[in-house]
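Residue-level listing of the chains:
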Amino acid sequence: MSDATGTPASPASVPDAQARVLALNSPELPFVYEATPDGIRATWKYADVKWAALAAAGTISATYELRVTLDPSDATWTFDETEDTSGLTVTGDRDGSIGLSGSASTFKGRQKKVSFQFGVGTAASTTDRQGTHEGHLYGYSFTTDELKQPLIDALTAAGWSARRRGFFGKLFGG
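## A short note on the environment of Glu81
Then step 1. Considering the arrangement of structural elements, one finds Glu81 in strand β4 (residues 76–92).
Then step 2. The sequence separation of Glu81 and Val68 amounts to 13 residues, and the corresponding C-alpha distance is 8.8 Å.
Then step 3. Looking at Glu81, its side chain comes within polar contact range of the side chain of Tyr64, at 2.6 Å.
Then step 4. Here the side chain of Glu81 touches Lys148 through a polar contact of 3.2 Å, side chain to side chain.

Written as structure tokens, this is what we have:
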């Protein structure tokens, strides 16, 4: 039973709240929601790129994971976020020397992020949930809101709310 705003009179159970979020999954989305014993995990491998150009070749890999912990005692949720990125670039100079550089990083904490990358190479491939795409261009875009907002809307419709953690909880939505 719902009130006039469509909000359930009492919060949905954990399995019902999870089911509302899992119903958001679609093959067209670049991320996936999964049920966990204590809530929901959303994973987005938003960059999986390989390229080759006249002067360089390389790879980029980036994954964002959102873990949602559901607390049935007060029908609230909290977010924990992790982002892993890595890259490798091989360059060559006219004198025949070759350079190699790499990087890797992991971020854990609250974030609101928008990222876009575009590149050109003589050969490039980008992999997403629809498969691998070959060409001379590569690119990706990523925003945490694209993954978070539908999840927040589904949980709110199920009668759940964010457990506020002061100013930063309000700022980053969890």
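On we go from here.
## Overview of helix α1 (residues 14–22)
Along an α-helix, residues three or four apart share an orientation, since each turn contains 3.6 residues.
Then step 1. Taken as a whole, α1 has its buried residues at Val14, Ala17, Gln18 and Val21. Viewed along the axis of α1, the buried residues span an arc of 100°, placing them on a single side of the element.

## Looking at a nonpolar patch on the surface
Then step 1. Residues Leu88, Val90 and Ile98 make up a contiguous nonpolar surface patch of roughly 270 Å² in combined accessible area.
Then step 2. Among the structural elements, Leu88 can be located in strand β4.
Then step 3. On the accessibility criterion, Leu88 (39% relative accessible area) is partly exposed.

Conventions adopted
- Residues numbered from 1 in each chain as written.
- Predicted model: local features only at pLDDT ≥ 70, side-chain atom pairs only at ≥ 80, totals over all residues.
- Heavy atoms only, no water.
- Helix = DSSP H or I, 4+ residues; strand = E, 2+ residues; numbered from the N terminus.
- Polar contact = N/O pair within 3.5 Å; in protein donor to acceptor, adjacent residues only side chain to side chain.
- Buried < 20%, exposed > 50% of the residue type's maximum accessible area, 1.4 Å probe, protein only.
- Arc of directions from axis to C-beta.
- Patch = residues over 30% accessible without salt bridge, like charges linked within 9 Å, V, L, I, M, F, W, Y side chains within 5 Å.
- Areas by Shrake-Rupley, 256 points an atom, 1.4 Å probe, with all protein chains shown as cover.
- Salt bridge = Lys/Arg side-chain N within 4 Å of Asp/Glu carboxyl O.

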